[in-house]
Amino acid sequence: MRFPSDALAVLTDPRTEIRDDRVRIPFELDRPVYEQVDRVLKEMGGRWDSRTAVRAHVFPYRVEEHMRQCLTAGEFPTRTEQGWFPTPPSLTMQICDLAGVYAGTTVLEPSAGSGALTAELARRGALVDAVEIDPVRADVLRRQGDCRAVIRDDFLSLDPLDYPEGFDRIVMNPPFARGLDHIKHAIGFMKDDGILVSVMSQGLMWWSDRASVEFRAMVEEVGGEIEALPEDSFAVCGTNVRTCLVFIPGYAGGPLRTYDWLQRQPLQLGLFGIAA
Ligand SMILES: C[S@@+](CC[C@H](N)C(=O)[O-])C[C@H]1O[C@@H](n2cnc3c(N)ncnc32)[C@H](O)[C@@H]1O
């Protein structure tokens with residue numbers, strides 16, 4: 001949800017203190033503006049603590065970094081609005097460590113939101129290309145300047161072969177509604193020996209539909225892993241959505257339909273053509 005403009009002005013006011021688990025506004029507000037700010041902070045999971053020593057909205061988690069992400073993006077995730085859940089800082093570190101991201105590594109972030117992952121990737125010196133369907137978030141990404149390229153588009157409509165080469169790493173936290181489609185499509189952008197790390201709904205660990213069963217078998221075949229994340233991993237976004245981390249390592253000659261695999265197809269088809 002977009003921040004109402006008065007609430008955004010108050011929360012980005014340099015006098016507003018956003019520290020650790022609390023937001024404190026040490027100046028007078030008109031009643032309607034106060035009520036707007038109070039509504040937003042409660043919607044984000046805060047609770048007004050009126051004790052003299054506190055007098056702040058207190059959150060059940062460290063709100064500082066999450067609030068920075070939200071204020072930069074001009075929006076915040078609500079309990080009713082699914083889809084945009086910025087990856088919390090400790091998880092971005094875990095994902096980048098697991099993927100093995102170093103200076104010069106090329107990385108694709110195919111559903112980049114407002115850049116929680118791209119910021120950490122860039123901090124490690126990676127060359128990051130980001131895709132984001134939402135125009136406002138894509139603008140935020142461009143303004144942040146962490147990425148080599150920002151593409152405002154539906155990732156599922158992009159053709160890997162429009163890219164001059166595959167990526168060393170794919171790092172992602174896609175919309176869960178079509179998470180598996182996003183991960184499978186992203187493999188097509190990865191080099192043969194690349195690595196993909198994705199956050200995903202924990203349901204992927206037990207869903208019994210054919211696509212999920214085949215996907216788990218494929219992850220096992222390549223020596224990958226699907227590991228449950230702690231239940232409070234996204235508590236900072238005001239949701240207890242259960243998540244897991246998918247790790248898929250590629251290797252030359254492996255079964256994954258990577259960028260290199262796709263590149264080899266026209267050649268093979270051409271050979272068939274000659275043989276016929
Ligand atoms: C769960 S959020 C994660 C954002 C970011 N990856 C992060 O880790 O903070 C998912 C993002 O995917 C974007 N998105 C949804 N469908 C998409 C699509 N088809 N192509 C590209 N981005 C998409 C949403 O707008 C949202 O910003």
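Quantities reported herein were computed from a predicted structural model and do not represent experimental measurements.

Caption draft 1: Quick peek at the site of the ligand. Neighbouring the ligand are 21 residues, the closest being Thr-87, Glu-109, Ser-111, Glu-132 and Arg-137. Contact between the ligand and Glu-109: a nitrogen atom at 2.7 Å from a side-chain N or O atom of the residue. The protein chains hide 93% of the 600 Å² of surface that the ligand would expose on its own. Residues belonging to the shell around the ligand are distributed by class as follows: 10 nonpolar, six polar and five charged.

Caption draft 2: Region of interest: empty space enclosed by the protein. Taken as a whole and assessed by the stated rule, the structure comprises one cavity of 30 Å³ or more. Approximately 30 Å³ is the volume found for the largest cavity. Lining of the largest cavity is provided by Asp-192, Val-222, Pro-249, Gly-250, Tyr-251, Gly-254, Pro-255, Leu-256 and Thr-258. Along the lines of polarity and charge, the residues of the lining of the largest cavity split into five nonpolar, three polar and one charged.

Caption draft 3: Inspection of the packing of aromatic side chains at higher detail. What the rule picks out here adds up to four aromatic pairs. Consider the rings of Phe-155 and Phe-189, whose centres lie 5.1 Å apart with planes at 40°: the pair is tilted. Highlighted residues: Phe-155 in the loop between strand E7 (149-152) and strand E8 (167-172) and Phe-189 in the loop between helix H7 (179-187) and strand E9 (190-201), separated in sequence by 34 residues. Grouping residues by exposure puts Phe-155 and Phe-189 together as buried. Aromatic pair Tyr-163 and Phe-189: ring centres 5.5 Å apart, planes at 80°, arrangement edge-to-face. Residue Tyr-163 is located in the loop between E7 and E8, and its partner Phe-189 is located in the loop between H7 and E9; the two are separated by 26 residues in the primary sequence. By the ring-pair criterion, three or more aromatic residues cluster together here, those being Phe-155, Tyr-163, Phe-167 and Phe-189.

Caption draft 4: Region of interest: the environment of Arg-124. Along the chain, Arg-124 falls in the loop between helix H5 (116-123) and strand E6 (127-132). Looking at Arg-124, the relative accessible area reads 19%, which means it is buried. Distance in space between the C-alpha atoms of Arg-124 and Ala-103 is 5.9 Å, their sequence separation being 21 residues. In contact with Arg-124, not counting residues within four places along its chain, are Met-93, Cys-96, Asp-97, Val-101, Tyr-102 and Ala-103.

Caption draft 5: View of the sheet that holds strand E2 (residues 22-24). With respect to topology, four strands assemble into an open sheet ordered E1-E2-E4-E3, the strand pairing being antiparallel. Unpaired on one side and paired on the other, strand E1 (17-19) and strand E3 (47-49) mark the two borders of the sheet. On average, adjacent strands in this sheet sit at an angle of 25° to one another, irrespective of strand direction. In this structure, E1 lies alongside E2, joined through three bridges in antiparallel fashion. The residue of E2 that forms the bridge with Ile-18 is Val-23.

Caption draft 6: Seen up close, the state of the cysteines. What the rule picks out here adds up to zero disulfides. Unpaired in this structure, Cys-96 has its nearest cysteine sulfur neighbour in Cys-147, at a distance of 12 Å.

Caption draft 7: Highlighting a nonpolar patch on the surface. Together, Met-205, Trp-206 and Trp-207 make up an exposed nonpolar region whose accessible area comes to about 310 Å². In this structure, Met-205 sits in the loop between E9 and helix H8 (210-221). Taking relative accessible area as the criterion, Met-205 reaches 31% and is therefore assigned partly exposed.

Definitions and cut-offs
Residues numbered from 1 in each chain as written. Predicted model: local features only at pLDDT ≥ 70, side-chain atom pairs only at ≥ 80, totals over all residues. Heavy atoms only, no water. Near = heavy atom within 4 Å. Polar contact = N/O pair within 3.5 Å; in protein donor to acceptor, adjacent residues only side chain to side chain. Areas by Shrake-Rupley, 256 points an atom, 1.4 Å probe, with all protein chains shown as cover. Nonpolar A, V, L, I, M, F, W, Y, C, P; charged D, E, K, R; others polar. 1 Å grid on protein atoms, 1.4 Å probe; cavity = no way out; pocket = protein on both sides within 12 Å on 5 of 7 lines; lining within 4 Å. Points joined across faces, edges and corners; volume = space filled by probe spheres on them. Phe/Tyr/Trp six-rings, centres within 6.5 Å; stacked < 30°, edge-to-face > 60°. Helix = DSSP H or I, 4+ residues; strand = E, 2+ residues; numbered from the N terminus. Buried < 20%, exposed > 50% of the residue type's maximum accessible area, 1.4 Å probe, protein only. Contact = heavy atoms within 4.5 Å. Pairing = 2+ DSSP bridges. Axes fitted to C-alpha atoms, helices over the stretch in contact; angles between N-to-C directions. Disulfide = S-S within 2.5 Å. Patch = residues over 30% accessible without salt bridge, like charges linked within 9 Å, V, L, I, M, F, W, Y side chains within 5 Å. Salt bridge = Lys/Arg side-chain N within 4 Å of Asp/Glu carboxyl O.

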